[in-house]
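Chain by chain, the residues:
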Amino acid sequence: MAAVSCSLPAIALQSDSATIAELTNQSNIENNEKVNNILNQLGEIRAAKMNTETQFAPQSAKMQSEAMYCTIEAELEQQLADLGVVQLNDAEIQQLTGGDVSPQATVPSSTSSVRWYSTQYTHIYNNKKYSVQHVYAQGLNASSCLGIHQPTRYLYSNQQVVINKMKELGSIYAQKFIGQIKVISWTPYELLFTNSETVTNESQEVGFNSTSTICFTYVKEANNASSQELLCYVSSSLSLDYTITFAGFDNGKPYHEPVSPKKAITITSSVFAPFTDAIIRYNDSSANSCSYVNSITFYNHDKTKSMRRSLPMPSFPGAIY
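Predicted model only: the values in this text are computed from it and were never measured. (Residues numbered from 1 in each chain as written. Predicted model: local features only at pLDDT ≥ 70, side-chain atom pairs only at ≥ 80, totals over all residues. Heavy atoms only, no water.)

All told, the structure shown has 6 salt bridges when counted by the stated rule. Glu73 is the salt-bridge partner of Arg46, the closest N and O atoms lying 2.7 Å from each other. Of this pair, Arg46 sits in helix H1 (residues 2-54) while Glu73 sits in helix H2 (residues 59-82), placing them 27 residues apart in sequence. The residues Arg46 and Glu73 share a single accessibility class, namely buried. (Salt bridge = Lys/Arg side-chain N within 4 Å of Asp/Glu carboxyl O. Helix = DSSP H or I, 4+ residues; strand = E, 2+ residues; numbered from the N terminus. Buried < 20%, exposed > 50% of the residue type's maximum accessible area, 1.4 Å probe, protein only.)

Structure follows, in structure tokens:
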């Protein structure tokens, strides 16, 4: 009986440890999702802000818009701080590349066009604790390699495309690791062409502003002074603010129909800011893995005309400016 009574606490201890690990990891995942969601909102605000800065509008209107965006940015960054996210300044970025960080993790000295953030977790995998650090770089404007300002250009012009029976007038696709994914498309009905038999489309213009967010995920063994923090995973997201303009004739009368989202949209790589995938890569002791939004393509109705833009895919922080 004594042997049986001694084994029960051990079983209970194992069960308790498993429960603690599960709760810890779940808390990490939930916090990480909140952080990423706020970063998406920040990226969308910054892409929309770029649109305001580059469009032709009265200076007073631009100042009002910029003030509004700055207020929203400050509120969102406070939400990040409340979740334990640290905004890195120049000195802190340089400190990140010190002693226990891989020499590969060098970063630029300037943050005038890029905002850097960091958040750290203790994650448990196979009953072992790891320190997982996500370092985010988000472009602030088109001066950064993470920002794109694409002036308006024609996909086609001087054509007579009959809209009748078209399934869609145009679309946006993103290239990810798993393949090309449709992001959004527009139907004649969405543009209020209720009687499409009388409508012809003569041109389609595309313009956009975007900012990318790159996440560098570092891993080391927790509570192990000799463990070196390694860059194990790189992933990306794209925040996009666009305008598509269709022009032609509706029942003999000219129309000029711009289409813009109510707010910018965010496209995320197949894997973004991971825990387990990064830890597995750490234990493999091989090169870091990555998951990017590689490119974005705007298409016309039948995909015979397109505009493709490659997106930034930096493999280490020093590649960002």
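Back to the text.
Right, let's talk about the side chain of Ser235 for a bit. Structurally, Ser235 is set in strand E9 (residues 230-250). One polar contact links the side chain of Ser235 to the main-chain amide nitrogen of Ala273, over a distance of 3.0 Å. (Polar contact = N/O pair within 3.5 Å; in protein donor to acceptor, adjacent residues only side chain to side chain.)

Put simply, the chain has an average pLDDT of 84, and 82% of its residues get 70 or more. Throughout residues 56-61 the model reports pLDDT below 50, and contacts reaching past four residues in sequence, or to other chains, amount to 1 contact. When the criterion is pLDDT under 50, residues 97-110 qualifies, and its contacts beyond four places in sequence or with other chains add up to 39 contacts. (pLDDT = per-residue confidence, 0-100. Contact = heavy atoms within 4.5 Å.)

Within helix H4 (residues 276-284), the full set of buried residues consists of Ala278, Ile279 and Tyr282. On an axial view of H4, the arc spanned by its buried residues comes to 100°, and they lie on one face. At its buried positions, H4 is contacted by strand E2 (114-125), strand E3 (128-139), strand E8 (199-221) and E9. The first or second residue beyond H4 is Ser285, which carries a positive phi of 55°. (Arc of directions from axis to C-beta.)

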